[in-house]
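Structural description and commentary
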Amino acid sequence: MTGQPRRGWTVWTEEIPASIMLDMPPDLSKKVLNFLLALGIEAGAAVDADREPPGDPMDDLGVRYSLEIAGEAVIIEYAVIREERQIRIPVLVWFH
C-alpha cells in the first residue's frame, strides 16, 4: 500500500447521452445531472463496500445496470468500471 488515499468515483457520460441532456428542458437536465452525480457517489460507495450498486443488473458480471429516474421519463444504463473507479453512462433514454 502506498499510503495515498483512493480517489473518489467519477461519472463519465458518453457523447449521445450528453447531447440528449442538452436537448432537455433546463430543469430536467439539471435534475438528471444531479441524479448522475448522486449515482456516482452511491454506486461507488456500494462497490467499495462490496455491495450491489443501485438498479437492475443487466449481466452476470456486476458491470452493467439500468435504472429509471423516479418521477421522470428517463431511463439510464450504466457500467461500473472498477479499475478506473468510474461510473460510465453509455445509454440515456428520454421519453418525451
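Up top you'll find the structure we're talking about.
This is a predicted model, so every value here is computed, not measured. (Residues numbered from 1 in each chain as written. Predicted model: local features only at pLDDT ≥ 70, side-chain atom pairs only at ≥ 80, totals over all residues. Heavy atoms only, no water.)

Some details on the nonpolar core
Using the following cut-off: In these notes, a set of buried Ala, Val, Leu, Ile, Met, Phe, Trp, Tyr and Cys residues joined through side-chain atoms within 4.5 Å is what counts as a nonpolar core. To sort residues, take the accessible area from a 1.4 Å probe on protein chains only and compare it with the maximum for the residue type: under 20% means buried, over 50% means exposed, and anything in between is partly exposed. Only DSSP runs of H or I reaching four residues or more are called helices, and only runs of E reaching two or more are called strands; each is numbered from the N terminus. We call two residues contacting when some pair of their heavy atoms lies within 4.5 Å.
M24, V32, L39, V74, I76, Y78 and I87 are the most contacted members of the largest nonpolar core, which has 20 residues in total. Take this core: its biggest share by element is six residues, from helix α2 (residues 26–48). Leave out the neighbours within four places in its chain, and V32 touches M21, M24, I69, V74 and L92.

Notes on the pattern of salt bridges
Counted only if it meets this: We count a salt bridge whenever a side-chain nitrogen from Lys or Arg sits within 4 Å of a carboxyl oxygen from Asp or Glu.
On inspection of all chains with the given rule, the structure shows four salt bridges. R64 is the salt-bridge partner of E77, the closest N and O atoms lying 3.5 Å from each other. With E77 in strand β4 (residues 74–81) and R64 in strand β3 (residues 64–68), the pair connects residues that are 13 residues apart, well separated along the chain. Residue classification places E77 among the partly exposed residues on the basis of a relative accessible area of 22%. Across the pair R88 and E84 runs a salt bridge whose closest N-O atoms are separated by 3.3 Å.

As for the packing of aromatic side chains
To be explicit about the condition: Two aromatic rings from Phe, Tyr or Trp, using only the six-membered ring of Trp, form a pair when their centres are within 6.5 Å; if the ring planes differ by under 30 degrees the pair is stacked, by over 60 it is edge-to-face, and anything between is tilted.
One pass over the full model with this rule turns up one aromatic pair. Ring geometry for Y65 versus Y78: centroids 5.4 Å apart, planes at 25 degrees, classification stacked. Of this pair, Y65 sits in strand β3 while Y78 sits in strand β4, placing them 13 residues apart in sequence.

Some remarks on the side chain of Q86
Selection criterion: Two N or O atoms form a polar contact when they lie within 3.5 Å of each other; inside protein one atom must be a possible hydrogen donor and the other a possible acceptor, and for residues adjacent in sequence the pair counts only when both atoms belong to side chains.
Looking at the secondary structure, you find Q86 in strand β5 (residues 86–94). For Q86, a relative accessible area of 11% corresponds to the buried category. Separated by 2.6 Å, the side chains of Q86 and R88 make a polar contact. For Q86, the contacting residues outside a window of four places in its chain are W9, T10, W12, A79, V80 and I81.

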